[in-house]
Each structure stands twice: as C-alpha cells, then as structure tokens.
Amino acid sequence: MNSSDGGTPQGPDLHDRPQSGPRATYPVEQSARSKRYWFLGLSALVVITGVVLALISYQKFADPDVSGQATGYEILDPSTVAVQFTVNRADPTQPASCVVRARSIDGDETGRREVLIAPGVAQEGHRVNVSTSKPPVIGEVFGCTTDVPAYLTEQTR
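Since the model is a prediction, treat every value here as computed from it, not as a measurement.

J.: Mind showing me how you'd approach the overall build of the protein here?
T.: What the protein contains, in helices and strands, is 3 helices and 6 strands. In the protein, the order of α-helices and β-strands from amino to carboxyl end is α-α-β-β-β-β-β-β-α. Of the roughly 11,400 Å² of accessible surface on the protein, 55% is carried by carbon and sulfur atoms.

Structure follows, in structure tokens:
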C-alpha cells in the first residue's frame, strides 16, 4: 500500500474512493458547470436579499402619511405650556392624532397630551395647552399618526 496514492481500495463499493492520503483528504475538483451553477445561485441570492432589504428600508424610512412639526410654544405658567404646531397629511379626509409634549430644563418629559386632528385640509395649524409636573422650558411634537386610538374617537357621555 502506498500512502501517497491513497492506498489500495478494499471491497466492491470502495474502488473509486481512496481510504487515506492526500486524495482522501482533499475533495475532488468540481466541474466548471458545477462552479457556474454555484456562482449563479449565490449571485441570485445576494440580489434577492438586496431587493428585500431595499423594500423594507423604503417602507420604514419613506415619507410618512402624516407628520407634525412644532412652530412655536409659550410658557403660560410654571405648570402649563401652549404648543403651536402644524400637521401635514397625505390624505386630509382621514383623522389623525398627534402627541404633544413638554420638557423641563433637565430634559425630562414633564407633560404629554394626545390630540385628535379631525379630517380637514392637508396642512393645518393647531394650538394646545400641555399641563406639566415640573416647570416647562419647551413644548414640542413627539409624533403624529393616522392610527387614531379608540379613546380619542369615542364620544364621552
């Protein structure tokens, strides 16, 4: 038995595979066609993954259906701030809700208020008072959405 050629095979089904040596350790060379299929398959997988990631990113970071921006604020007293803001909607026939908040000098959120924005025009301004637990230094819009909570749309009796 010669160790450099993998030895002599033993048994009827082992005549094509060496039992030891370099030929047993390293795989048999793949054909050019097999390599091409692997390359094409992995390339297609990379392209499909890229397209899926692009679609997810677009949905996450695209322009929102509704947005709010603070245009000003006025500190009314040590526990109240009035916040003026503008709401922009892609579909003005849908109601929206915005969260308006106040912050204290240390950056803590000291007051919050959810506001129902009734269907109307595409861009409209609002002014709301936000009660605070500490003296406010700023009022701002935290965010707006078209998913209006039920408690904002239910009529109180």
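The rest of the description comes next.
J.: Just to check I follow, could you spell out the state of the cysteines for this structure?
T.: Structurally, a disulfide amounts to a covalent bond that connects the sulfur atoms of two cysteines. A full pass over the atoms with the stated rule returns 1 disulfide. Between Cys98 and Cys144 runs a disulfide, and the two sulfur atoms are separated by 2.0 Å. The S-S bond linking Cys98 to Cys144 shows a torsion near 110°; that makes this disulfide right-handed. Residue Cys98 is found in strand β3 (residues 96-104), and its partner Cys144 is found in strand β6 (residues 136-145); the two are separated by 46 residues along the sequence. For the residue pair Cys98 and Cys144, the accessibility class agrees, reading buried in each case.

J.: Looking at this structure, how should I read the pattern of salt bridges?
T.: Once the charged atoms of two side chains with opposite charge are near each other, the side chains can pair. All chains considered together, the criterion is met by 8 salt bridges. Its salt-bridge partner being Arg89, residue Glu124 comes within 2.4 Å of it at the nearest N-O pair. You can see Glu124 sitting in strand β5 (residues 123-131) and its partner Arg89 sitting in strand β2 (residues 80-89), a full 35 residues away along the chain. Each member of the pair Glu124 and Arg89 is classed as buried. Between Glu140 and Arg103 there is a salt bridge, with its nearest N and O atoms 3.2 Å apart. Remark: Arg103 occurs in strand β3 and Glu140 occurs in strand β6; sequence separation between them is 37 residues. Each of Arg101, Arg103, Glu109, Arg112 and Glu140 takes part in salt bridges that share partners, so that together they form one network.

J.: I keep staring at the sheet that holds β5 and nothing clicks. Help me out?
T.: Whenever strands of a sheet pair, they do so through backbone hydrogen bonds, lying parallel or antiparallel. Ordered by their spatial adjacency, 3 strands build an open sheet running β1-β2-β5, and the pairing between neighbours is antiparallel. Where the open sheet ends on each side, the last strands, each with one partner, are β1 (66-77) and β5. Here the strands of the sheet are splayed against their neighbours by 20° on average, with no regard to which way each runs. As paired elements, β2 and β5 share 9 bridges and run antiparallel to each other. Its bridge partner lying in β5, Phe85 is registered against His126.

J.: Got a minute to help me understand the side chain of Ser97 in this structure?
T.: With respect to the helices, strands and loops of the structure, Ser97 is situated in strand β3. Aside from chain neighbours lying at most four places away, what touches Ser97 is Val115, Ile117, Gly143, Cys144, Thr145, Asp147, Val148, Pro149 and Leu152.

J.: Which parts of the structure should I look at to understand the packing of aromatic side chains?
T.: Describing an aromatic ring pair means giving the distance of the ring centres and the angle of the ring planes. Per the stated rule, a full pass over the model turns up 0 aromatic pairs. Of note, Arg112 hangs over the ring of Phe142, and the distance from its end group to the ring centre comes to 4.9 Å.

About the cut-offs
- Residues numbered from 1 in each chain as written.
- Predicted model: local features only at pLDDT ≥ 70, side-chain atom pairs only at ≥ 80, totals over all residues.
- Heavy atoms only, no water.
- Helix = DSSP H or I, 4+ residues; strand = E, 2+ residues; numbered from the N terminus.
- Areas by Shrake-Rupley, 256 points an atom, 1.4 Å probe, with all protein chains shown as cover.
- Disulfide = S-S within 2.5 Å.
- Buried < 20%, exposed > 50% of the residue type's maximum accessible area, 1.4 Å probe, protein only.
- Salt bridge = Lys/Arg side-chain N within 4 Å of Asp/Glu carboxyl O.
- Pairing = 2+ DSSP bridges.
- Axes fitted to C-alpha atoms, helices over the stretch in contact; angles between N-to-C directions.
- Contact = heavy atoms within 4.5 Å.
- Phe/Tyr/Trp six-rings, centres within 6.5 Å; stacked < 30°, edge-to-face > 60°.
- Lys NZ or Arg CZ within 6 Å of the ring centre and 35° of its normal.

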